[in-house]
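Listed below, chain by chain, are the residues.
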Amino acid sequence: MIVMSSDKKSVTKSRKDDHIRICLEKNVEFAKSNGFDRVELEHSALPEIERSDIDLSTRFMGKKFRYPLFIEAITGGTAQGERINKNLAAAAEALGIGMGVGSQRAMLEDAKATRTYSVRDVAPSIFLLGNIGAAQLRKYDTSRVLALVDAIKADGLAIHLNVAQELAQKEGDKSWKGVFDDIKALCAKSKVPIIAKETGCGISGKLSEALVSAGVKAIDIAGAGGTSWVKVDSHRTDDDVSHIEEWGIPTARALKDVAGSVEVPIIASGGIRNGVEVAKAIAMGASLVGMALPLLKPATESSESVRKHLEKIISQLEDAMFLVGARNVSELKKVKVLYA
Ligand SMILES: Cc1cc2nc3c(=O)[nH]c(=O)nc-3n(C[C@H](O)[C@H](O)[C@H](O)COP(=O)(O)O)c2cc1C
């Protein structure tokens, strides 16, 4: 067992609180678009449906969702992280959608942090994902990493690929050789599904094929156009990292590529900010659509605030469904997508 110094523990925790503060106070979004402005759904001038009949329920990895939405990994490890996770989870439970906790690295360094990621008391039935950075797989035994899932009663584990962010952090991990084999070994040992996710630079079709061959059961695109982690970390370093602030595959482009490359379920995330973009992503092949940054401020307030924000997105999604004449998610998937 690796024993961490208390210094290391507090570095991980204070970094998480720094990230929250920066995301709440600064402009941390890409200047470039998520790519959905170049995607149109074929309008139906005569939909022949009742808006009130629209049913958005779906299934993802064996679990029923009332809406095809997912609250992306944000936080944990600190008292503030605990409050945020509970508010997000309670909103997810009320709406019948899924959620991921933030990186559980703090739990690997200090088991006492477990409670800050534990949300089953407020969200007993949601699809819940644990989370750890791919670079951490170099340092910890597979069994310790997989224990993170059981500790919070999650349904699966997201492995985040955040190479641009690590590059922008002074203390970041620059040693990525062998990580693919670590992911493969983890998938081979895991009884729960392993999901690969980016954090805002996107996953290519080619990489998604390799990840699926390694045993990954779903891909969360997390493309460019929303939160830029290089921008976030630029506020924590004296180094000039501006040359990579806009680095990454726009979400819509990554989604088209991945959907054309693999059969596993896809979560589309990265700069999704309204229900029309959600509709476009589903028509392009996403099973679920995820958001992080827009839910952060509401999550610092209350579960009610998170729920209200998501209800607005749901209502916008229903508008888009009405305008394409889709009564349910299966019909939305068949709508013609036009690319500019
Ligand atoms: C404050 C904050 C903290 C985040 N922490 C994590 C994390 O610990 N693990 C992870 O996989 N992604 C993390 N993300 C990335 C999101 O899960 C998501 O992939 C990314 O922000 C793109 O979505 P967005 O544009 O809707 O924010 C975080 C995002 C935010 C805003």
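Owing to the predicted nature of the structure, the values given are computational and were not obtained by experimental measurement. (Residues numbered from 1 in each chain as written. Predicted model: local features only at pLDDT ≥ 70, side-chain atom pairs only at ≥ 80, totals over all residues. Heavy atoms only, no water.)

Asks: Even after reading the chapter, I still don't get the site of the ligand, so can you show me in this structure?
Replies: With respect to spatial proximity, 24 residues lie near the ligand, and among them Lys16, Ala73, Ser103, Lys197 and Thr227 are the closest. Between an oxygen atom of the ligand and a main-chain N or O atom of Leu293, the distance comes to 3.0 Å. Mapped by element, the contributors of at least two residues to the shell around the ligand are helix H1 (6-25), strand E8 (194-198) and helix H11 (293-301). If you tally residues by element for the shell around the ligand, the top one is H11, at three residues. Its residues assigned to classes, the shell around the ligand shows ten nonpolar, nine polar and five charged. (Near = heavy atom within 4 Å. Polar contact = N/O pair within 3.5 Å; in protein donor to acceptor, adjacent residues only side chain to side chain. Helix = DSSP H or I, 4+ residues; strand = E, 2+ residues; numbered from the N terminus. Nonpolar A, V, L, I, M, F, W, Y, C, P; charged D, E, K, R; others polar.)

Asks: Would you mind going over the side chain of Ser44 with me for this structure?
Replies: Along the chain, Ser44 turns up in the loop between strand E1 (39-41) and strand E2 (58-60). With relative accessibility at 18%, the residue Ser44 sits in the buried group. Setting aside chain neighbours within four positions, we find Ser44 in contact with Leu323, Val324 and Gly325. (Buried < 20%, exposed > 50% of the residue type's maximum accessible area, 1.4 Å probe, protein only. Contact = heavy atoms within 4.5 Å.)

Asks: Any chance you could explain helix H6 (residues 179-189) here in plain terms?
Replies: Turning to H6, its buried residues are Val179, Asp182, Ile183, Leu186 and Cys187. Buried residues in H6, looked at end-on, bunch into an arc of 135°, giving them a common side. Exposed and oriented more than 90 degrees from the buried face of H6 are Ala188 and Lys189. Where H6 is buried, its residues contact helix H4 (142-151), strand E7 (156-161), E8 and helix H7 (205-213). (Arc of directions from axis to C-beta.)

Asks: Sorry, what's going on with helix H12 (residues 303-324) here?
Replies: Helical periodicity: at 3.6 residues per turn, an α-helix aligns residues three or four positions apart in one direction. Helix length check: H12, at 22 residues, gives a terminal C-alpha distance of 32 Å against a target of 32 Å (1.5 Å per residue), a fit within 8%. Phi turns positive one or two residues past the end of H12, at Gly325, with a value near 75°. (Expected span 1.5 Å × (residues − 1).)

Asks: Which parts of the structure should I look at to understand the pairing of strand E11 (residues 288-291)?
Replies: Side-chain direction in a regular strand flips from residue to residue, so the side chains alternate between the two faces of the sheet. Neither face of E11 is open: one carries Leu288 and Gly290, the other Val289 and Met291, and all of them are buried. Looking at chain direction, strand E4 (residues 69-71) and E11 are connected through three bridges and run parallel. Of the residues in E11, the one forming a bridge with Leu69 is Val289. Sheet topology places strand E10 (residues 266-269) next to E11; three bridges connect them, and they run parallel. Directly across from Ser269, in E11, lies its bridge partner Gly290. (Pairing = 2+ DSSP bridges.)

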